[in-house]
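Listed here are the chains, written in short residue letters.
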Amino acid sequence: MLVHFTKMHGLGNDFMVIDLISQRGRLRDADIRRLSHRNFGIGFDQLLVVEPPRDPDMDFRYRIYNADGSEVENCGNGARCFARFVLNQRLTTKREIRVETAGGPLTLVVADDGRVRVDMGAPRFAPAALPFEAETDLPVHALEVGGESLEIGVVSMGNPHAVLLVDSVDEAPVREVGPLIEAHPRFPRRVNAGFLEVVSPHEARLRVFERGVGETLACGTGACAAVASGIRRGLLASPVDVTLPGGTLSIEWGGEGHPVFMTGPAETVFEGRIIL
Ligand SMILES: N[C@H](CCC[C@H](N)C(=O)O)C(=O)O
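What counts, and at which threshold
Residues numbered from 1 in each chain as written. Predicted model: local features only at pLDDT ≥ 70, side-chain atom pairs only at ≥ 80, totals over all residues. Heavy atoms only, no water. Helix = DSSP H or I, 4+ residues; strand = E, 2+ residues; numbered from the N terminus. Buried < 20%, exposed > 50% of the residue type's maximum accessible area, 1.4 Å probe, protein only. Contact = heavy atoms within 4.5 Å. Core = buried A, V, L, I, M, F, W, Y, C linked by side-chain atoms within 4.5 Å. Near = heavy atom within 4 Å. Polar contact = N/O pair within 3.5 Å; in protein donor to acceptor, adjacent residues only side chain to side chain. Areas by Shrake-Rupley, 256 points an atom, 1.4 Å probe, with all protein chains shown as cover. 1 Å grid on protein atoms, 1.4 Å probe; cavity = no way out; pocket = protein on both sides within 12 Å on 5 of 7 lines; lining within 4 Å. Sits in = over half its atoms within 2 Å of the grid points. Nonpolar A, V, L, I, M, F, W, Y, C, P; charged D, E, K, R; others polar. Pairing = 2+ DSSP bridges. Phe/Tyr/Trp six-rings, centres within 6.5 Å; stacked < 30°, edge-to-face > 60°.

Draft legend 1. Spotlight on the side chain of histidine 141. Within the secondary structure, histidine 141 sits in strand β9 (residues 141–145). Looking at histidine 141, the relative accessible area reads 5%, which means it is buried. Sequence-distant contacts of histidine 141, that is, excluding residues within four places in its chain, are made with Pro127, Phe132, Ala134, Thr136, Leu150, Glu151, Ile152 and Val154.

Draft legend 2. Just the nonpolar core, in detail. By size, the foremost hydrophobic cluster in this structure holds 52 residues, and its most contacted members are Tyr62, Phe82, Ile97, Leu108, Leu206, Val242 and Ile251. In terms of residues, this core owes the most to one element, helix α2 (residues 76–88), which gives seven residues. Each residue touching tyrosine 62, except ones within four places of it in the same chain, is listed here: Leu48, Val49, Val50, Cys75, Gly78, Ala79, Phe82, Val99, Glu100 and Thr101. With 20 residues, the next largest nonpolar core counts Leu130, Phe132, Val154 and Ala162 among its residues.

Draft legend 3. Focus on the site of the ligand. For the ligand, the set of nearby residues contains 15 residues, the closest of which are Asn13, Gly76, Glu210, Arg211 and Thr221. Contact between the ligand and glutamine 46: a nitrogen atom at 3.2 Å from a side-chain N or O atom of the residue. Within the contact set of the ligand, an oxygen atom lies 2.6 Å away from a side-chain nitrogen or oxygen of threonine 221. Here the ligand, which alone exposes 360 Å², has 100% of that area covered by the protein. More than half of the atoms of the ligand fall within 2 Å of the grid points belonging to the largest cavity. Of all elements in the fold, only α2 and α4 (220–232) reach the threshold of two or more residues within the shell around the ligand. Of the residues that constitute the shell around the ligand, the class distribution is three nonpolar, ten polar and two charged.

Draft legend 4. Broad picture of the pairing of strand β15 (residues 240–244). The side-chain alternation of β15 yields one buried face, formed by Val240, Val242 and Leu244, and one unburied face, formed by Asp241 and Thr243. With three bridges connecting them, strand β13 (residues 203–210) and β15 associate as parallel partners. Note that in β15 the partner of alanine 204 across the bridge is valine 242. Relative to strand β16 (residues 247–253), β15 is paired through five bridges, and the arrangement is antiparallel. The residue bridging threonine 243 from the neighbouring strand is threonine 248, located in β16. The antiparallel pairing of β15 with β16 creates a hairpin that spans two residues between the two strands.

Draft legend 5. Structural detail: unusual backbone geometry. The omega torsion across leucine 130 and proline 131 is 0 degrees, close enough to zero to call that bond cis. Position of proline 131 among the secondary structure elements: in the loop between β8 (116–119) and β9. In this structure, the amide linkage connecting serine 238 to the following residue, proline 239, adopts the cis form with an omega of -5 degrees. Its location among the elements puts proline 239 in the loop between α4 and β15. Its identity is not glycine, yet arginine 90 carries a phi of approximately 55 degrees, on the positive side. By secondary structure assignment, the location of arginine 90 is in the loop between α2 and β6 (96–101).

Draft legend 6. Highlighting the packing of aromatic side chains. Counted according to the given criterion, the structure contains five aromatic pairs. Measuring from centroid to centroid gives 6.0 Å for phenylalanine 5 and phenylalanine 270, while their planes differ by 80 degrees, and the two rings are edge-to-face. Placement of the pair is phenylalanine 5 in strand β1 (residues 2–10) and phenylalanine 270 in strand β18 (residues 267–275), with a sequence separation of 265 residues. For phenylalanine 5, a relative accessible area of 3% puts it in the buried group. The interplanar angle of 25 degrees and the centroid separation of 4.6 Å between the aromatic rings of phenylalanine 132 and phenylalanine 187 together place this pair among those described as stacked.

In C-alpha coordinates form, the structure reads like this:
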(Lines give C-alpha, C1' and ligand atoms only; values in the text may rest on other atoms or scores of the structure.)
Protein backbone atom coordinates (compact mmCIF):
# COMPACT_ATOMS: atom_id res chain seq x y z
CA MET A 1 0.00 0.00 0.00
CA LEU A 2 1.33 3.45 -1.00
CA VAL A 3 1.39 5.81 2.02
CA HIS A 4 2.11 9.55 1.86
CA PHE A 5 4.51 10.94 4.53
CA THR A 6 6.12 14.26 5.46
CA LYS A 7 9.69 14.68 6.71
CA MET A 8 10.01 17.39 9.39
CA HIS A 9 12.36 18.56 12.13
CA GLY A 10 12.40 20.62 15.30
CA LEU A 11 15.94 22.06 15.70
CA GLY A 12 17.36 19.08 13.83
CA ASN A 13 15.48 16.42 15.84
CA ASP A 14 13.86 14.83 12.82
CA PHE A 15 10.62 13.03 12.17
CA MET A 16 8.68 11.07 9.62
CA VAL A 17 5.03 12.12 9.99
CA ILE A 18 2.15 10.00 8.68
CA ASP A 19 -1.53 10.96 8.63
CA LEU A 20 -3.59 7.83 9.32
CA ILE A 21 -6.83 9.81 9.32
CA SER A 22 -7.14 10.37 5.58
CA GLN A 23 -5.16 7.26 4.64
CA ARG A 24 -4.74 3.71 5.93
CA GLY A 25 -1.57 1.85 6.82
CA ARG A 26 0.02 -0.28 9.51
CA LEU A 27 3.62 -0.05 10.72
CA ARG A 28 5.16 -2.90 12.66
CA ASP A 29 8.23 -2.37 14.91
CA ALA A 30 10.44 -3.93 12.21
CA ASP A 31 9.06 -1.46 9.61
CA ILE A 32 9.86 1.48 11.91
CA ARG A 33 13.41 0.25 12.53
CA ARG A 34 13.96 -0.20 8.78
CA LEU A 35 12.45 3.17 7.83
CA SER A 36 14.36 5.05 10.55
CA HIS A 37 17.70 3.82 9.16
CA ARG A 38 19.56 6.69 7.49
CA ASN A 39 20.93 4.45 4.70
CA PHE A 40 18.44 1.63 4.25
CA GLY A 41 15.33 3.74 4.96
CA ILE A 42 14.00 7.30 5.11
CA GLY A 43 16.06 8.18 8.23
CA PHE A 44 14.51 9.78 11.34
CA ASP A 45 14.80 10.02 15.12
CA GLN A 46 11.09 9.44 15.69
CA LEU A 47 8.00 8.44 13.69
CA LEU A 48 4.81 10.45 14.42
CA VAL A 49 1.46 8.88 13.51
CA VAL A 50 -1.61 11.17 13.45
CA GLU A 51 -4.96 9.53 14.27
CA PRO A 52 -8.51 10.60 15.16
CA PRO A 53 -8.97 11.41 18.88
CA ARG A 54 -10.55 8.85 21.23
CA ASP A 55 -11.74 11.67 23.55
CA PRO A 56 -14.37 13.87 21.80
CA ASP A 57 -12.94 16.97 23.56
CA MET A 58 -9.64 16.52 21.77
CA ASP A 59 -8.83 17.40 18.14
CA PHE A 60 -6.37 14.60 17.40
CA ARG A 61 -4.38 11.74 18.86
CA TYR A 62 -0.78 11.28 17.84
CA ARG A 63 1.51 8.34 18.58
CA ILE A 64 5.29 8.59 18.88
CA TYR A 65 7.80 5.84 18.06
CA ASN A 66 11.57 6.01 18.58
CA ALA A 67 13.92 4.87 15.82
CA ASP A 68 14.25 1.49 17.60
CA GLY A 69 10.47 0.97 17.24
CA SER A 70 9.62 1.62 20.92
CA GLU A 71 6.43 3.63 21.46
CA VAL A 72 6.87 6.56 23.88
CA GLU A 73 4.71 8.89 25.94
CA ASN A 74 5.78 12.37 24.84
CA CYS A 75 7.99 14.26 22.40
CA GLY A 76 8.44 18.03 22.62
CA ASN A 77 9.95 18.71 19.19
CA GLY A 78 7.50 16.21 17.72
CA ALA A 79 4.54 18.06 19.26
CA ARG A 80 5.53 21.28 17.49
CA CYS A 81 6.00 19.43 14.17
CA PHE A 82 2.63 17.68 14.68
CA ALA A 83 0.88 21.07 15.08
CA ARG A 84 2.43 22.51 11.90
CA PHE A 85 1.68 19.23 10.06
CA VAL A 86 -2.07 19.15 10.77
CA LEU A 87 -2.37 22.81 9.68
CA ASN A 88 -0.22 22.31 6.54
CA GLN A 89 -2.21 19.18 5.58
CA ARG A 90 -5.47 21.09 6.20
CA LEU A 91 -6.58 18.54 8.77
CA THR A 92 -7.60 21.55 10.88
CA THR A 93 -7.80 25.33 10.66
CA LYS A 94 -7.45 25.80 14.43
CA ARG A 95 -4.40 27.63 15.77
CA GLU A 96 -4.98 26.21 19.25
CA ILE A 97 -4.92 22.43 19.01
CA ARG A 98 -5.66 19.84 21.70
CA VAL A 99 -4.02 16.48 21.17
CA GLU A 100 -4.01 13.15 23.00
CA THR A 101 -0.66 11.44 23.55
CA ALA A 102 0.26 8.30 25.47
CA GLY A 103 1.66 10.64 28.15
CA GLY A 104 -1.53 12.72 28.45
CA PRO A 105 -3.25 15.68 26.72
CA LEU A 106 -1.25 18.59 25.29
CA THR A 107 -2.37 22.04 24.13
CA LEU A 108 -0.42 23.58 21.26
CA VAL A 109 -0.66 27.15 19.94
CA VAL A 110 0.74 28.01 16.50
CA ALA A 111 1.87 31.66 16.21
CA ASP A 112 1.79 33.74 13.01
CA ASP A 113 5.58 33.37 12.66
CA GLY A 114 5.21 29.55 12.65
CA ARG A 115 6.69 29.02 16.11
CA VAL A 116 4.68 26.72 18.34
CA ARG A 117 4.05 27.13 22.08
CA VAL A 118 3.24 23.89 23.87
CA ASP A 119 1.76 23.34 27.33
CA MET A 120 3.82 20.24 28.10
CA GLY A 121 2.01 19.44 31.34
CA ALA A 122 3.48 19.49 34.84
CA PRO A 123 6.82 17.74 35.49
CA ARG A 124 6.71 14.91 37.99
CA PHE A 125 9.69 14.13 40.25
CA ALA A 126 8.46 11.09 42.16
CA PRO A 127 10.73 8.15 41.16
CA ALA A 128 7.69 5.95 40.49
CA ALA A 129 6.55 8.40 37.75
CA LEU A 130 9.52 7.56 35.50
CA PRO A 131 9.91 4.73 36.77
CA PHE A 132 13.21 4.99 38.70
CA GLU A 133 14.17 2.69 41.57
CA ALA A 134 14.69 4.95 44.60
CA GLU A 135 13.27 5.20 48.12
CA THR A 136 12.04 8.77 47.90
CA ASP A 137 11.79 11.95 45.82
CA LEU A 138 15.01 14.02 46.05
CA PRO A 139 16.36 17.01 44.02
CA VAL A 140 19.37 14.79 43.18
CA HIS A 141 19.98 11.04 43.41
CA ALA A 142 23.33 9.21 43.45
CA LEU A 143 23.64 6.83 40.48
CA GLU A 144 26.56 4.40 40.14
CA VAL A 145 27.69 4.53 36.50
CA GLY A 146 30.90 2.99 35.17
CA GLY A 147 32.47 2.85 38.65
CA GLU A 148 31.62 6.51 39.38
CA SER A 149 28.84 7.95 41.54
CA LEU A 150 26.93 10.56 39.49
CA GLU A 151 24.41 13.07 40.88
CA ILE A 152 21.29 13.09 38.69
CA GLY A 153 17.94 14.83 38.84
CA VAL A 154 15.05 12.59 37.71
CA VAL A 155 12.01 14.10 35.97
CA SER A 156 9.01 12.68 34.12
CA MET A 157 7.55 14.81 31.33
CA GLY A 158 5.32 11.87 30.52
CA ASN A 159 8.58 10.28 29.35
CA PRO A 160 11.53 9.67 31.69
CA HIS A 161 14.60 11.94 32.00
CA ALA A 162 17.81 11.81 34.02
CA VAL A 163 19.54 15.23 34.22
CA LEU A 164 23.30 15.39 34.89
CA LEU A 165 24.99 18.75 35.60
CA VAL A 166 28.23 19.29 33.64
CA ASP A 167 30.73 22.19 33.50
CA SER A 168 30.73 22.17 29.68
CA VAL A 169 28.43 20.35 27.28
CA ASP A 170 31.24 20.49 24.70
CA GLU A 171 33.44 18.36 26.99
CA ALA A 172 30.62 16.18 28.37
CA PRO A 173 31.09 12.38 27.82
CA VAL A 174 27.65 12.08 26.14
CA ARG A 175 28.56 9.20 23.84
CA GLU A 176 30.35 7.25 26.61
CA VAL A 177 28.10 7.89 29.63
CA GLY A 178 24.77 8.46 27.82
CA PRO A 179 24.24 4.79 26.90
CA LEU A 180 25.19 3.65 30.44
CA ILE A 181 22.56 5.95 31.96
CA GLU A 182 19.96 5.09 29.28
CA ALA A 183 20.20 1.36 30.03
CA HIS A 184 20.86 1.63 33.79
CA PRO A 185 19.00 -1.14 35.69
CA ARG A 186 17.45 1.39 38.09
CA PHE A 187 15.40 2.66 35.09
CA PRO A 188 13.22 -0.38 34.25
CA ARG A 189 11.86 1.33 31.10
CA ARG A 190 15.23 2.95 30.25
CA VAL A 191 15.65 6.76 30.34
CA ASN A 192 16.70 9.83 28.32
CA ALA A 193 20.02 11.21 29.61
CA GLY A 194 20.42 15.02 29.62
CA PHE A 195 23.80 16.77 30.12
CA LEU A 196 23.05 20.28 31.45
CA GLU A 197 25.46 23.25 31.53
CA VAL A 198 24.15 26.29 33.45
CA VAL A 199 25.39 29.51 31.75
CA SER A 200 23.31 31.92 33.87
CA PRO A 201 19.99 31.69 35.79
CA HIS A 202 18.09 32.31 32.51
CA GLU A 203 20.42 30.54 30.07
CA ALA A 204 21.50 26.90 29.72
CA ARG A 205 23.14 24.55 27.22
CA LEU A 206 22.05 20.94 26.87
CA ARG A 207 22.93 17.74 25.04
CA VAL A 208 20.66 14.70 25.26
CA PHE A 209 21.37 11.02 24.69
CA GLU A 210 17.82 9.95 23.87
CA ARG A 211 16.25 6.64 24.89
CA GLY A 212 15.74 4.47 21.82
CA VAL A 213 17.73 6.75 19.48
CA GLY A 214 21.10 7.98 20.80
CA GLU A 215 22.30 11.58 20.85
CA THR A 216 19.95 13.88 18.92
CA LEU A 217 20.45 17.50 17.84
CA ALA A 218 17.64 18.57 20.16
CA CYS A 219 15.19 17.09 22.68
CA GLY A 220 12.13 19.15 23.67
CA THR A 221 11.03 17.09 26.68
CA GLY A 222 14.72 16.95 27.65
CA ALA A 223 14.89 20.76 27.68
CA CYS A 224 11.71 20.89 29.81
CA ALA A 225 13.08 18.28 32.23
CA ALA A 226 16.47 20.00 32.49
CA VAL A 227 14.90 23.38 33.29
CA ALA A 228 12.53 21.88 35.87
CA SER A 229 15.39 20.04 37.55
CA GLY A 230 17.66 23.11 37.37
CA ILE A 231 15.01 25.39 38.90
CA ARG A 232 14.30 22.82 41.62
CA ARG A 233 18.05 22.71 42.41
CA GLY A 234 18.17 26.53 42.62
CA LEU A 235 20.44 26.81 39.55
CA LEU A 236 17.97 28.25 37.02
CA ALA A 237 15.06 30.73 37.04
CA SER A 238 12.12 30.87 34.58
CA PRO A 239 12.16 31.73 31.68
CA VAL A 240 15.21 29.86 30.44
CA ASP A 241 16.69 29.84 26.93
CA VAL A 242 18.02 26.33 26.39
CA THR A 243 20.57 26.01 23.58
CA LEU A 244 21.01 22.51 22.15
CA PRO A 245 23.30 21.51 19.26
CA GLY A 246 20.39 22.13 16.82
CA GLY A 247 19.25 25.47 18.21
CA THR A 248 17.47 27.23 21.09
CA LEU A 249 14.14 26.56 22.85
CA SER A 250 12.39 28.93 25.26
CA ILE A 251 11.21 27.14 28.41
CA GLU A 252 8.95 28.57 31.16
CA TRP A 253 7.95 26.90 34.42
CA GLY A 254 5.99 28.45 37.31
CA GLY A 255 7.13 25.85 39.87
CA GLU A 256 5.73 22.68 41.46
CA GLY A 257 2.28 21.74 40.20
CA HIS A 258 2.48 24.15 37.25
CA PRO A 259 2.89 23.13 33.60
CA VAL A 260 6.09 23.66 31.64
CA PHE A 261 5.70 25.76 28.47
CA MET A 262 8.06 25.19 25.55
CA THR A 263 8.27 27.50 22.51
CA GLY A 264 10.23 26.82 19.36
CA PRO A 265 10.22 26.24 15.59
CA ALA A 266 9.07 23.31 13.44
CA GLU A 267 10.07 22.87 9.80
CA THR A 268 8.91 20.77 6.85
CA VAL A 269 11.78 19.36 4.75
CA PHE A 270 10.09 17.20 2.07
CA GLU A 271 7.09 15.02 1.31
CA GLY A 272 7.16 11.52 -0.14
CA ARG A 273 5.43 8.19 -0.49
CA ILE A 274 6.39 4.76 0.80
CA ILE A 275 5.05 1.29 0.14
CA LEU A 276 3.85 -0.35 3.36
N1 LIG B 1 13.45 9.50 23.01
C2 LIG B 1 12.33 9.97 23.83
C3 LIG B 1 11.12 10.39 22.95
C4 LIG B 1 11.41 11.60 22.05
C5 LIG B 1 11.74 12.84 22.84
C6 LIG B 1 12.38 13.98 22.07
N7 LIG B 1 12.65 13.80 20.68
C8 LIG B 1 11.67 15.31 22.34
O9 LIG B 1 11.72 16.23 21.50
O10 LIG B 1 11.09 15.44 23.46
C11 LIG B 1 11.90 8.85 24.80
O12 LIG B 1 12.20 7.68 24.53
O13 LIG B 1 11.25 9.18 25.80
